Amino acid sequence: MDQSIDNVQDGELFPTYKRWDITFEKASGETITDKSGNTYMDFMSGIGVVNLGHGHPTVVQAVENQLHKGWHASNFFHYEEQQQAVQLLTTHSCGDLVFFANSGAEANEAAIKLARKHTGRRKIISFVQSFHGRTFGSMAATGQESIHKGFGPMLEGFEYLPYNDVNELEKAVDENTAAVILEVVQGEGGVHPATDDFLKAIEKITQNSGSLLICDEIQTGLGRTGKFFAHEHSGIKPDIITTAKALGNGFPVGAMIGKSHLKEAFGPGSHGTTFGGNPLAMAAVNATLQTLLKEGWIEAAASKGEQFLKELHHQLMPLKNVKEIRGLGMMAGIELTDPAAEKIMALQDKGILVIAAGPNVIRLLPPLTTEWDTLMKGVQLLKEVLNEPK
Ligand SMILES: Cc1ncc(COP(=O)(O)O)c(C=O)c1O
């Protein structure tokens with residue numbers, strides 16, 4: 001008998017996640033409560049998702065209202081809610097057209113397909129340590145061997161260059177290049193921001209070669225870095241932007257936004273989705289984006305984030321095991337001299353939830369709504385834990 005089957009009890013999840021010893025009970029604002037009644041300050045936002053905090057009343061109300069109106073008809077119908085979401089996304093970005101999906105990986109999948117179809121070229125360039133998702137296209141675009149391991153062969157035509165290296169990019173982009181895809185701040189790969197020079201060079205090189213620039217803003221978008229989309233910091237205008245995570249403040253939804261000249265390549269029958277753009281998701285998107293914009297959370301993330309990063313530097317850089325602190329807006333990475341996992345568990349014991357980004361980096365993605373006093377409480381807890389002798 002197969003030993004592995006023998007070890008499995010009926011009704012287990014596939015162990016794709018190394019789960020923590022916490023059972024979720026409920027969440028509200030910036031706090032998660034577990035089954036035993038313990039509360040945690042959420043400094044990870046469900047991995048960059050609840051930018052407005054858990055259960056934001058405006059988003060909850062919008063989804064609840066839509067729930068009673070109807071939640072599925074299919075994409076053969078016009079949905080007013082979809083048109084409103086398109087308007088919000090295109091008014092606040094350099095794009096003109098939107099394709100809705102259900103996740104970040106699906107949005108990237110659409111972007112890769114669109115780039116190949118529009119250019120008629122096959123080469124897709126991405127960067128070492130990038131993360132773009134787990135489907136075959138987005139996995140192939142991900143520049144991390146550990147993500148590819150065991151799933152080969154990868155899709156053909158993907159190349160990985162060192163991040164922030166203009167020379168290598170100039171050499172690699174040619175008449176076969178369909179697109180360059182990048183995260184403006186590499187999230188999963190360790191919180192590495194792209195330099196302004198690098199972003200401007202990518203824009204110029206892709207334009208000159210007739211290839212497309214795709215900004216994966218799935219983690220960095222929607223106020224996280226203090227702009228609606230993070231590429232705005234450098235003034236570049238990508239051909240395609242992908243977004244998900246915070247787009248529905250926790251409701252599963254993704255989107256690909258593209259410039260008008262890409263319209264022909266995605267004509268009827270070229271791409272599709274059953275659930276993408278459903279009215280429930282659209283209600284969540286509209287409420288989330290309107291709240292982000294109306295209540296000034298993006299500007300708040302810019303100013304609070306800058307102070308937060310300064311405070312992290314000031315309080316943590318003197319500690320022996322802190323090597324570097326990087327970030328942009330409300331996205332921060334604390335690189336340690338040793339593994340982050342143990343420290344993350346110690347932080348949980350103190351009532352604060354953070355996540356890793358690679359083996360040695362503690363990643364902080366608090367909701368943009370987190371009050372300054374709570375942020376400072378978090379800094380103090382980090383200081384206590386990182387200061388502890390081994
Ligand atoms: C930059 C980036 N792209 C794509 C993805 C994949 O998104 P999803 O998990 O919604 O498929 C992620 C998820 O962490 C991400 O951070």
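Per-chain numbering applies: the sequence of each chain, read as written, is numbered from 1 onward. With the structure being a predicted model, the display of local features is reserved for residues of pLDDT at least 70 and the display and counting of side-chain atom pairs for 80 or more, all residues being used for whole-chain, interface and lining totals. Computation of side-chain values: all heavy atoms of the structure, hydrogens and water removed.

1. Quick look at the site of the ligand
For clarity, the cut-off: Nearness of a residue to a molecule or strand requires only that one of the residue's heavy atoms be within 4 Å of it. Any N or O atom pair separated by 3.5 Å or less is treated as a polar contact, with the protein-specific requirement of one donor-capable and one acceptor-capable atom, and with residues adjacent in sequence counted only for side-chain atom pairs. To qualify as a helix, a DSSP run of H or I must reach at least 4 residues; to qualify as a strand, a run of E must reach at least 2; elements of each kind are numbered from the N terminus. Residue type decides the class: Asp, Glu, Lys and Arg count as charged, Ala, Val, Leu, Ile, Met, Phe, Trp, Tyr, Cys and Pro as nonpolar, and the leftover types, Gly among them, as polar.
Taken together, 13 residues form the shell around the ligand, and within it Gly104, Ala105, Asp216, Gln219 and Lys245 come nearest. Within the contact set of the ligand, an oxygen atom lies 2.8 Å away from a side-chain nitrogen or oxygen of Gln219. Counting residues per element, the shell around the ligand draws most heavily on helix α5 (residues 104-119), which supplies three residues. Of the residues assigned to the shell around the ligand, the class counts are three nonpolar, six polar and four charged.

2. Side note on the sheet that holds strand β1 (residues 24-28)
Defined as follows: Any two strands with at least two DSSP bridges between them are considered paired. The criterion used for residue contact is that any of the two residues' heavy atoms lie within 4.5 Å. Axes here refer to lines fitted to C-alpha atoms; in helices the fit is confined to the stretch in contact. Angles between the N-to-C directions go from 0 to 180 degrees.
The strand order across the open sheet formed by four strands is β1-β2-β3-β15, and the pairing between neighbours is mixed. On the outer flanks of this sheet lie β1 and β15 (352-353), each paired with one strand and no other. Pairing geometry for strand β3 (residues 39-42) and β15, over two bridges, is parallel. Paired with Met41 across the bridge in β15 is Ile352. The strands touched by helix α13 (residues 372-387) within the sheet are β3 and β15, with β3 carrying the most contacts at an inclination of about 105°.

3. Comments concerning the packing of aromatic side chains
Quick reminder of the rule: Think of it this way: a Phe, Tyr or Trp ring, Trp meaning its six-membered ring, pairs with another when their centres are within 6.5 Å, and the plane angle makes it stacked under 30 degrees, edge-to-face over 60, tilted otherwise. Each residue is assigned to one of three classes by its accessible area relative to the maximum for its type, calculated with a 1.4 Å probe on protein chains only: buried under 20%, partly exposed between the two thresholds, exposed over 50%.
In this structure the tally under the stated criterion is six aromatic pairs. Relative to Phe198, the ring of Phe127 lies with its centre 5.3 Å away and its plane at 75°, an arrangement referred to as edge-to-face. Residue Phe127 is found in strand β5 (residues 123-127), and its partner Phe198 is found in helix α9 (residues 196-209); the two are separated by 71 residues along the sequence. We note that Phe127, like Phe198, is buried. Among the aromatic side chains, those forming a connected cluster through ring pairs are Phe127, Tyr163 and Phe198.

4. Looking at the nonpolar core
What counts is decided by this rule: Within this scheme, the nonpolar core is defined by two criteria: the residues are buried Ala, Val, Leu, Ile, Met, Phe, Trp, Tyr or Cys, and they are joined through side-chain atoms within 4.5 Å.
Counting 55 residues, the largest nonpolar core has Leu289, Leu312, Leu316, Ile334, Ile362 and Leu364 as its most contacted members. It is helix α10 (residues 279-294) that contributes the most residues to this core, eight residues altogether.

5. Here we look at unusual backbone geometry
With an omega of -5°, the peptide bond running from Gly152 to Pro153 counts as cis. Examined against the element boundaries, Pro153 turns out to sit in the loop between α7 (145-148) and β6 (158-161). At Ser45, a residue that is not glycine, the phi angle is positive and equals roughly 55°. You will see that Leu222, though not glycine, has its phi angle at about 60°, which is positive. By relative accessible area, Leu222 is classed as buried at 1%.

6. Observations regarding the UniProt feature "modified residue: N6-(pyridoxal phosphate)lysine" (unreviewed entry) in the chain
Our working definition: UniProt positions are given in the numbering used here, feature names are shortened, and annotations may be inferred rather than shown by experiment.
This chain's UniProt record puts "modified residue: N6-(pyridoxal phosphate)lysine" (unreviewed entry) on Lys245. Residues in contact with Lys245, not counting those within four places in the same chain, are Ile47, Gly48, Val49, Ile218, Gln219, Gly250 and Val253.

7. A few points about the pairing of strand β10 (residues 212-216)
Of all five residues that make up β10, five are buried, and the element is covered over most of its length. Of the two faces of β10, the one holding Leu212, Ile214 and Asp216 and the one holding Leu213 and Cys215 are both buried throughout. Pairing of strand β7 (residues 177-183) with β10 involves five bridges; the strand directions are parallel. For Glu183, the partnering residue across the bridge sits in β10 and is Asp216. In this sheet, strand β11 (residues 240-243) lies alongside β10 in parallel orientation, the contact comprising three bridges. Directly across from Cys215, in β11, lies its bridge partner Ile241.

8. A short note on the environment of Pro252
Topologically, Pro252 is positioned in the loop between β11 and β12 (254-258). Separated by 65 residues in sequence, Pro252 and Met317 have C-alpha atoms that sit 37 Å apart. Dropping the residues within four chain positions of it, Pro252 is found in contact with Asn102 and Ala281.

9. Notes on the UniProt feature "binding site: N(2)-acetyl-L-ornithine" (unreviewed entry) in the chain
UniProt's feature table lists "binding site: N(2)-acetyl-L-ornithine" (unreviewed entry) at Arg134 and Thr273, given in the numbering used throughout. Mapped onto the fold, Arg134 is located in the loop between β5 and α6 (136-141). For Arg134, the contacting residues outside a window of four places in its chain are Ala105, Met139 and Ile147. Counting through the fold element by element, Thr273 comes out in the loop between β12 and α10. When neighbours within four sequence positions are excluded, Thr273 is seen to be in contact with Asn75, Phe99, Phe100, Asn102 and Glu106. Engagement of the side chain of Thr273 in a polar contact is seen with the backbone nitrogen of Phe275, the distance being 3.4 Å.

10. Focus: the packing of helix α11 (residues 297-316) against α13
Defined as follows: In these notes the angle categories are as follows: under 35 degrees is roughly parallel, over 145 is roughly antiparallel, 65 to 115 is roughly perpendicular, and the rest is oblique. We call a crossing left-handed when the near helix sits turned anticlockwise from the far one by less than a right angle, and right-handed when that turn is clockwise.
Orientation of α11 relative to α13, taken along the N-to-C sense of each, is 25°, at an axis distance of 10 Å. The angle between α11 and α13 places the two elements in the roughly parallel class. Considering only the axes of α11 and α13, their crossing is right-handed. Along its contact with α11, which presents Lys304, Gln307, Phe308, Glu311, Leu312, Gln315 and Leu316, the element α13 presents Trp372, Leu375, Met376, Val379, Gln380, Leu382, Lys383 and Leu386.

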